[in-house]
Every structure is written in C-alpha cells, then in structure tokens.
Amino acid sequence: MEFIKGIQKKETTELADLLTGAYTGKTVAVSGAVHTIRDMGEVSFIILRKAEGLIQCVRERSPEGAAQPSADDLKEESTVIVTGTVSPEPRAPHGLEIRVSEIRVLSVPAEVLPIAVSKWKLNTSLETKLALRPITLRNPMERAKFRIQEGIVRGFRDFLHSQHFTEIRTPKIVARGAEGGSNVFRLDYFNKKAELGQSPQFYKQTMVGVYDRVFEAAPVFRAEKHNTTRHLNEYTSLDFEMGYIDGFEDVMAMETAMLQYVMKLLSEEYEKELLMLNVTLPDVSKIPTVTFKRAKELVSEKYSRPIRNPYDLEPEEENLIGRYFKEEFGSDFVFVTHYPSKKRPFYAMDDPQDPKYTLSFDLLFRGLEITTGGQRIHDYDAIIKKMEARGMDPEELAAYLMIFKYGMPPHGGLGIGLERLTMRLLNEQNVRETTMFPRDVTRLEP
C-alpha cells in the first residue's frame, strides 16, 4: 500500500532558487520550454522560458559531435530538462547561464508557431493577438501584463484581509440582476427564468449582515452591445462592502488605502514587470474629490465644452475631468461624488441635503471610470418607499429585502473593474489588451 504524504521535492531547480546565488558553480537540472535558439556554429544559446522568466543555456559542440539532441534537433516550444553548471554571465537574463551537459526532451510541438512569440514585443494587430491568445500569451511582454494584474488582485485581497474583511463567494446565476434594465444575459434554468449576474450587490449587502465587512473578486456579466475600447461583456469585478460606516467617505477612504497598498506591493515585488512595460506607478498618497455637478462646471469652464447631459458623464467629460485634475493638482485619480439619483440604482442612498443627488461616487483614473460605489439604503421603510416611487414591485425582490426587514447597519461599498484599472495603469488603449480571454459582442473564443 502506498500513501501520498504531500509535495515531494523535485530533482529540478527553480529560477528563484538559482537567483539566490547558492548554486553558482554547481550542477543543476532545470525544466522549461524552449523559447528561442541561437545557433552560432560551435556554440548554441538555448533560451528557456519559465513562469518567472528566461534562462540562458549555452551548449558547446564537442569535437566528436554534440550528444543528442543537438541544437539542430530542438524546436522552439519543445519542453525540456536541461542539466548543466550554473555560471555567472552579466549579459544573460538574471545575470547567469547554464553550461549544458545534457538535454532531455519531454515534448515536441506538432507544428511551427504561427507567430514569433520569442520576439520582445508582438508587432501584430490586436485581432491577431486575440485570435491566437493561447500562444501569444507566452510572449514576455504579454505575460508581464497579467503578472501585474495578478499583483493588483493579490494586493486587493491582502489589504482587505488586513482590515478584517471576509472573502465570500456569491452566485453568478441569479433570478434578477442587481442593476435592473435590459442589459442582462437571460437563460433557461430548469424551466425557470434566470440571468447571469451583473453584480454581486445584493449578496455582498446580505453578507454585511453576517460578517460586517466582505469582499469578492469574481466575474460579472453585462449584455451591452457596446463595441468600444473600454467595454467588455464579461469582466472581473473587485467588490467590497462594509458595515457600520459613518458615511460614504469611509468607502472612498478604504479604496484609497487599498490602492496605496497595491501600488507599494507592485513597486516592491513586480519591479521587473514594471520596468519591462515601462510603467510609472501613479501617486496615490491623496486623491481629490469633487461633486458631480461641480466637475461638469469645471470642465465646461476650462475647456469651453457645453454641458449637454446634466444627469450623466459622457466619456469625453470623464476624460476632461481627468485632464483637469492632472493639470491643476497633479493627480491621476479623482473621486466624483453625489451622482444624480435618477442615474443610480434604487438601493443608493439619497443625499438628505438634496435628494436629487445620491451619497455615491465614481473613481476616475486618468479620465476613465474604474470604480462605482457609495452608501446604500439600510432602512426597510426607506428602501420600500424608493422602490415604489420608481414603480418597482417589492415582492419581486422579497429575498433581498429580507435583510432590511430584520435589521441592517449603515453600510456601503464599491465595485472596481480590474481590466480597466490594469489598462490605465499600463497606459494601454484598449481594455482587451489587459483581458486574458476577452468576451465582447464579437468574441466567444478562444
């Protein structure tokens, strides 16, 4: 009888271990994919690709002819185990190389790559990148984008854990979307009507009554027929909801502190990727706030743009607001607060000083909305009254309204679009560049 007792130590050595310097002059075995091969005649350079980066392997041709397989026999994207001696080499990636004594081939590709992923940057169209996504993601620059995105989610989680938030999991197949309207994906669920969730809003509010502070990083779905550089039909939403707040300013303060934590984490542990992509992290030591109404006035006055829609921000206005606060205050971020009540969901708390507006906000990053949040109505009678004023039937949301009927603390929260945040951080021009496998009005695969 055999028993599995946990992870067994591999005979191969990882790049992180090599970088400690403890293996210099020693013989190691390293696994990886053949990223590229440069045959110089007597010497061949075989670059291995691993999760952490590239490793240069050098093989010299012996007088009797190289042991098999030779550099001529290897193919790019073959997976191999290379055995050799670790040597310092300042010109090589990470300042080291492996002097090869043996190569063992694990697998060989059936066909030649349709695109040269070994080039430093993919000089091809976005459409080609996406059509060949399983392959183009192997490119070092493409991989770096999603390593940074990993760092954002990691920082989001770690920070909120430190602030006593509980991570939750909410359903994505729901009876009714939180935002209402027609932009939902409808499906047949065992002869019942169901939808793909637009937001975890109802469930994260529910869980405030359980854990006080909760968060989730998960997909949401919007059936909007937009085909723009900023819209997706499935994206990752970073959500949190917190109870016992004094006002929606507590939510903005929590997001600001979270962004400070994330940027610090990226600067300390993702420096290689930031340098590779030439990213300068924004200053988030403080973020200005401006009311919705005043923001529209400021950009109208400074940029001579007439206010056409008094109830919403057009993309051009968001861009000009971002430009204004960069020029006037040197900030890449700005909180726009007190959005009109008619443009916010029924659960948004109205401003007691002026009920035409809500205690809500958007966070703009370099002129693009990346966050929507605010304080929610927590009083049962108040939320029933607002629903009825909007012509909604409370019976249709009885399960959600149960939480208010049996008591909820003052609370609020937000949702952050991960791909949009990454897009702006990396100065990309299309949100699909920072989406691993985009879903939009034209794309359902790969």
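These remarks concern the structure in this document. As the structure is a prediction and not an experimental result, all values here were calculated from the model. (Residues numbered from 1 in each chain as written. Predicted model: local features only at pLDDT ≥ 70, side-chain atom pairs only at ≥ 80, totals over all residues. Heavy atoms only, no water.)

## With respect to the overall build of the chain
Here is step 1: Across its full length, the chain holds twelve helices and 18 strands.
Here is step 2: Expressed along its principal axes, the backbone C-alpha trace of the chain runs to roughly 90 × 65 × 40 Å.
Here is step 3: The buried share of the chain, taken over its 446 residues, is 50%.
Here is step 4: Within the chain, contacts between residues separated by at least 24 positions form 64% of all contacts whose residues are at least 6 apart in sequence.
Here is step 5: Side-chain charges in the chain split into 60 positive and 66 negative, and the spacing between the mean points of these groups amounts to 2 Å. (Helix = DSSP H or I, 4+ residues; strand = E, 2+ residues; numbered from the N terminus. Buried < 20%, exposed > 50% of the residue type's maximum accessible area, 1.4 Å probe, protein only. Contact = heavy atoms within 4.5 Å. Lys, Arg positive; Asp, Glu negative; His and termini not counted. Charge placed at Lys NZ, Arg CZ, Asp CG, Glu CD.)

## Focus on the packing of helix α8 (residues 292-303) against helix α9 (residues 315-329)
Here is step 1: Axis separation between α8 and α9 bottoms out at 9 Å; the angle between their running directions is 80°. Taken together, α8 and α9 sit at an angle that is classed as roughly perpendicular. Contacts between α8 and α9 involve Ala295, Lys296, Leu298, Val299, Lys302 and Tyr303 from the former and Glu317, Leu320, Ile321, Arg323, Tyr324, Phe325, Glu327 and Glu328 from the latter. (Axes fitted to C-alpha atoms, helices over the stretch in contact; angles between N-to-C directions. Parallel < 35°, antiparallel > 145°, perpendicular 65-115°, else oblique.)

## What to know about the nonpolar core
Soluble, globular proteins show a tendency: their nonpolar side chains are buried together.
Here is step 1: Phe240, Leu266, Phe346, Ile383 and Tyr400 are the most contacted members of the largest nonpolar core, which has 62 residues in total.
Here is step 2: The element contributing the most residues to this core is helix α6 (residues 248-269), with ten residues.
Here is step 3: Residues Val34, Val80, Val86 and Val100 belong to the second largest nonpolar core, which totals 17 residues. (Core = buried A, V, L, I, M, F, W, Y, C linked by side-chain atoms within 4.5 Å.)

## With respect to a nonpolar patch on the surface
Here is step 1: A surface patch of nonpolar side chains, about 350 Å² in accessible area, is lined by Ile173, Tyr189 and Phe190.
Here is step 2: The residue isoleucine 173 is located in strand β7 (residues 173-174) in this model. (Patch = residues over 30% accessible without salt bridge, like charges linked within 9 Å, V, L, I, M, F, W, Y side chains within 5 Å. Areas by Shrake-Rupley, 256 points an atom, 1.4 Å probe, with all protein chains shown as cover. Salt bridge = Lys/Arg side-chain N within 4 Å of Asp/Glu carboxyl O.)

## Observations regarding the pattern of salt bridges
Here is step 1: Inspection of the entire model under this criterion finds 42 salt bridges.
Here is step 2: As a salt-bridge pair, arginine 91 and glutamate 89 come within 3.0 Å of each other at their nearest N and O atoms.
Here is step 3: The exposure class of arginine 91 is exposed, given its relative accessible area of 75%.
Here is step 4: We classify glutamate 89 as buried; its relative accessible area is 13%.
Here is step 5: Two residues, arginine 99 and glutamate 97, come together in a salt bridge whose shortest N-O distance is 2.9 Å.
Here is step 6: What makes arginine 99 partly exposed here is its relative accessible area of 31%.
Here is step 7: If you follow the salt bridges from partner to partner, you end up with Lys129, Arg133, Glu142, Lys145, Glu428 and Glu433 in one network.

## Digging into the packing of aromatic side chains
What characterises a pair of aromatic rings is the spacing of the ring centres plus the angle enclosed by the ring planes.
Here is step 1: According to the stated counting rule, one finds 15 aromatic pairs in the structure shown.
Here is step 2: Aromatic side chains phenylalanine 165 and phenylalanine 240 sit 5.5 Å apart centroid to centroid with 70° between the ring planes, which places their arrangement in the edge-to-face category. In this pair, phenylalanine 165 is assigned in the loop between α4 (140-162) and β6 (166-167) and phenylalanine 240 in strand β11 (residues 234-243), connecting sequence segments 75 residues apart. There is no split in this pair, since phenylalanine 165 and phenylalanine 240 are both buried.
Here is step 3: Measuring from ring centre to ring centre gives 5.5 Å for phenylalanine 335 and phenylalanine 361, while their planes differ by 85°; the resulting arrangement is edge-to-face. One end of the pair, phenylalanine 335, is in strand β13 (residues 333-337); the other, phenylalanine 361, is in strand β16 (residues 360-365), with 26 residues separating them in the sequence. (Phe/Tyr/Trp six-rings, centres within 6.5 Å; stacked < 30°, edge-to-face > 60°.)

## Comments concerning the sheet that holds strand β12 (residues 289-291)
Sheet strands pair via backbone hydrogen bonds, and the direction of the pair is either parallel or antiparallel.
Here is step 1: Taken in spatial order, the eight strands make up an open sheet running β6-β10-β11-β18-β17-β16-β13-β12, and their pairing is mixed. Pairing within the sheet leaves two strands with one partner each, and these edge strands are β6 and β12.
Here is step 2: Sheet topology places β16 next to strand β17 (residues 368-376); six bridges connect them, and they run antiparallel. Its bridge partner being in β17, leucine 364 is matched across the sheet by glutamate 369.
Here is step 3: The sheet contacts of α6 involve β10 (213-221), β11, β12, β13, β16, β17 and β18 (411-417), and relative to β16 the element is tilted by about 25°. (Pairing = 2+ DSSP bridges.)

## Considering unusual backbone geometry
Here is step 1: The omega torsion across glutamate 445 and proline 446 is 5°, close enough to zero to call that bond cis.
Here is step 2: As for its placement among the helices and strands, proline 446 is situated in the segment after α12 (418-425).
Here is step 3: Located in the positive-phi region is glutamate 77, a residue other than glycine, with phi close to 75°.
Here is step 4: Counting through the fold element by element, glutamate 77 comes out in the loop between β3 (53-60) and β4 (79-88).
Here is step 5: Residues other than glycine seldom take positive phi values, yet serine 304 does so here, at roughly 55°.
Here is step 6: Within the secondary structure, serine 304 sits in the loop between α8 and α9.
Here is step 7: Looking at serine 304, the relative accessible area reads 65%, which means it is exposed.

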